[in-house]
Amino acid sequence: MPAKIDEETCSACGGCAEVCPVDAISVEDVAKVDAELCTECGACVEECPLEAISVEE
Ligand code: SF4
Ligand code: SF4
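One structure accompanies this document, and this report is about it. (Residues numbered from 1 in each chain as written. Chains lettered and ligands numbered in written order. Predicted model: local features only at pLDDT ≥ 70, side-chain atom pairs only at ≥ 80, totals over all residues. Heavy atoms only, no water.)

## So, the overall build of the protein
When you go through the protein residue by residue, the secondary structure sums to two helices and four strands. Whereas a compact globule of 57 residues would reach a radius of gyration of roughly 10 Å, the protein reaches 10 Å, a difference of no more than 12%. When each of the 57 residues of the protein is scored for burial, the buried share is 30%. A fraction of 52% describes how many contacts in the protein between residues 6 or more apart in sequence connect residues 24 or more apart. Summed over its atoms, the accessible surface of the protein is roughly 3900 Å², and 44% of this surface lies on carbon and sulfur atoms. (Helix = DSSP H or I, 4+ residues; strand = E, 2+ residues; numbered from the N terminus. Rg over C-alpha atoms; globule rule 2.2 N^0.38 Å. Buried < 20%, exposed > 50% of the residue type's maximum accessible area, 1.4 Å probe, protein only. Contact = heavy atoms within 4.5 Å. Areas by Shrake-Rupley, 256 points an atom, 1.4 Å probe, with all protein chains shown as cover.)

Here it is, written out as structure tokens:
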């Protein structure tokens, strides 16, 4: 499963988008993941200060 954003929790800080190696995240009002690009690497999960992103097996 591609990375999933908890839109209620996301503050749109942009940290996840900066660390995503494949530029799969765009941030406007909230972060959005392009499921076609996401490789499920987990880098964004580590970066998010609010634990708003998760990657499930
Ligand atoms: S899991 Fe990796 S590839 Fe997918 S959105 Fe997060 S940083 Fe990008
Ligand atoms: S790092 Fe977390 S809070 Fe910041 S934009 Fe990404 S999902 Fe939202």
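Once you've had a look at it, read on.
## Focus on the site of ligand 2
All residues adjacent to ligand 2 are Cys10, Ser11, Ala12, Cys13, Gly14, Cys16, Ala31, Cys48, Pro49, Leu50, Ala52 and Ile53. Its residues placed into classes, the shell around ligand 2 shows 10 nonpolar, two polar and no charged. (Near = heavy atom within 4 Å. Nonpolar A, V, L, I, M, F, W, Y, C, P; charged D, E, K, R; others polar.)

## Describing the site of ligand 1
The environment of ligand 1 is made up of 13 residues, and the closest members are Cys20, Cys38, Cys41, Gly42 and Cys44. Looking at the shell around ligand 1 residue by residue, the class counts come to 10 nonpolar, two polar and one charged.

## Points about the pattern of salt bridges
All chains considered together, the criterion is met by one salt bridge. Residue Lys32 is joined to Glu7 by a salt bridge in which the shortest nitrogen-to-oxygen separation is 3.2 Å. Note that Lys32 is positioned in strand 3 (residues 31–33) and Glu7 in the loop between strand 1 (4–5) and helix 1 (15–19), a separation of 25 residues in sequence. The partly exposed category is assigned to Lys32, whose relative accessible area is 45%. (Salt bridge = Lys/Arg side-chain N within 4 Å of Asp/Glu carboxyl O.)

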